Amino acid sequence: MERTEVRAATPTEVRPVTARQRATRAARNGGEPTLEFTGRIPYDAYVQASTLHRLQTPLSSDPGEMSFLVTSQIMELYFNLTCHELREAQRLLRADRIPDTQAPLRRAALHLEGLNAAWRSLRWMTPADFNRFRNLLGEGSGFQSAMYRHVELLLGLRDPALIRPFRRQVEVHAELTAALNAPSLWDDVLALLARHGHDLPPELLGRDVAEEHQPHPAVEAAWVRIYAGRPDDQFRLLGEALTEVAEGFGDWRWNHVKAVQRTMGAKVGSGGSAGLAWLQRSMARVVFPELWSARTEM
């Protein structure tokens, strides 16, 4: 895919280059790339690459720590990107633009594929490799990722206790609290089903969204009816797109379990959690549960 070329008037302002400007520049350069710029290189002004590459500060001289650190930062960026797509899907669902949700949900599923691929970058790490710098992390743990908590909250996994560690980061805690008290993507799906004639009980639709959704037979029955219809029905396509997201997220959690088993076995987690046992228990909380249980009745 061709990159969009940009030029920077200032380090903080980036304007797209028009097709006419590109054609003029290509003619002037005889088809060769521009190699001289009067200011900051446009790519860096847009991507902020030089800033990104200054964000790694390993705590040890062990060469493997850089791999661990960069992979963790890559995952954080993917968490943020996944949240962006899920919020866009929510916006479209609330506007009843059901077919348009395919694009952000598809992108979210692909971002989750990227997250799962990131785990492969750490497959080299044995317990001995990790132990060479693990003690320098102190109580630092992926358990404390605020952006990962945002992903969970958007997908409907709600546990107020898990945002407690962020209380002294006032802005972060406020954002997580707002997300906890706002409808999840699954809540918006249920509201959509109700608006389009599916008989869902008022107590389900009017529940406190800060509490985790519990599977309900009426929701399961709605999906059974939807999947009994045409393969190109917009609700069925929505269900499949949501399933891809849920499956990708489930794969990420499972890959996390395997990575912990590989690098530290059943030791206590660096953040004080039960480590492997805690991760295994967390996998019992299913994302979009009725989409899965309905398949038994189809």
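Values in this document were obtained by computation on a predicted structure and should not be read as measured data.

Undergrad: Just checking my understanding: could you explain the overall build of the protein for this structure?
TA: Scanning the protein from N- to C-terminus turns up 14 helices and two strands. When each of the 298 residues of the protein is scored for burial, the buried share is 38%. Surface summary for the protein: the accessible area is close to 16700 Å², and the carbon and sulfur share equals 55%.

Undergrad: Sorry, what's going on with the packing of aromatic side chains here?
TA: Counted under the stated rule, the structure contains eleven aromatic pairs. Residues Phe79 and Tyr148 carry aromatic rings whose centres are separated by 5.4 Å and whose planes lie at 55° to one another, so their mutual orientation is tilted. Remark: Tyr148 occurs in helix H7 (residues 146–155) and Phe79 occurs in helix H4 (residues 64–94); sequence separation between them is 69 residues. Take Phe79: its relative accessible area is 6%, and that puts it in the buried class. Considering the side-chain rings of Phe130 and Phe133, the 5.6 Å spacing of their centres and the 70° angle between planes classify their relative orientation as edge-to-face. One end of the pair is Phe130 and the other is Phe133, both in helix H6 (residues 127–134) and three residues apart, which spans about a single turn. Classification of Phe130 by relative accessible area gives buried; the value is 7%. In this arrangement the basic side chain of Arg295 is found over the ring face of Trp292, its NZ or CZ atom lying 5.7 Å from the centre.

Undergrad: How should I be thinking about the side chain of Thr243 in this particular structure?
TA: Relative to the helices and strands, Thr243 is located in helix H12 (residues 234–264). The exposure class assigned to Thr243 is buried, which follows from its relative accessible area of 7%. Setting aside residues up to four positions removed in sequence, Thr243 forms contacts with Tyr227, Leu291, Trp292 and Arg295.

Undergrad: Please clarify how the environment of Leu205 should be interpreted in this entry.
TA: Examined against the element boundaries, Leu205 turns out to sit in helix H10 (residues 202–205). Considered as a pair, Leu205 and Asp188 are 17 residues apart in the sequence and their alpha carbons are 9.6 Å apart. Residues within four places of Leu205 in sequence aside, it is in contact with Leu190, Ala191, Ala194 and Leu200.

Undergrad: Any chance you could explain the environment of Leu81 here in plain terms?
TA: Relative to the elements of secondary structure, Leu81 occurs in helix H4. Look at Leu81 and you get partly exposed, because its relative accessible area is 32%. Sequence separation between Leu81 and Ala108 is 27 residues, and the spatial gap between their C-alpha atoms is 7.7 Å.

Undergrad: Please explain the pattern of salt bridges as it appears in this structure.
TA: In a structure, side chains of opposite charge can pair up when their charged atoms sit close to one another. Summed over all chains, the structure comprises 13 salt bridges. For Asp44, the salt bridge is made with Arg40, and the minimal N-O distance between the two is 3.1 Å. Assessed through its relative accessible area of 15%, Asp44 is described here as buried. Under the relative-accessibility criterion, Arg40 is labelled partly exposed at 28%. In this structure, the salt-bridge partner of Arg207 is Asp187, at a minimum N-O distance of 2.6 Å. You can see Arg207 sitting in the loop between H10 and helix H11 (217–227) and its partner Asp187 sitting in helix H9 (residues 185–195), a full 20 residues away along the chain.

Undergrad: Please explain the nonpolar core as it appears in this structure.
TA: As a rule of thumb, soluble globular proteins bury nonpolar side chains together. Within the largest apolar cluster, 47 residues are counted, with the highest numbers of intra-cluster contacts made by Leu105, Trp186, Leu193, Trp223, Leu242 and Phe288. Of all the secondary-structure elements, those providing two or more residues to this core are H4, helix H5 (102–120), H7, H9, H11, H12 and helix H14 (289–297). The dominant element in this core, judged by the number of residues it contributes, is H12, at nine residues. Those residues in contact with Leu242, other than ones at most four positions away along the chain, are Leu105, Leu185, Trp186, Val189, Phe288 and Leu291. Membership of the second largest hydrophobic core comes to eight residues, among which are Phe166, Ala179, Leu180 and Ala210.

Basis of the calculations
- Residues numbered from 1 in each chain as written.
- Predicted model: local features only at pLDDT ≥ 70, side-chain atom pairs only at ≥ 80, totals over all residues.
- Heavy atoms only, no water.
- Helix = DSSP H or I, 4+ residues; strand = E, 2+ residues; numbered from the N terminus.
- Buried < 20%, exposed > 50% of the residue type's maximum accessible area, 1.4 Å probe, protein only.
- Areas by Shrake-Rupley, 256 points an atom, 1.4 Å probe, with all protein chains shown as cover.
- Phe/Tyr/Trp six-rings, centres within 6.5 Å; stacked < 30°, edge-to-face > 60°.
- Lys NZ or Arg CZ within 6 Å of the ring centre and 35° of its normal.
- Contact = heavy atoms within 4.5 Å.
- Salt bridge = Lys/Arg side-chain N within 4 Å of Asp/Glu carboxyl O.
- Core = buried A, V, L, I, M, F, W, Y, C linked by side-chain atoms within 4.5 Å.

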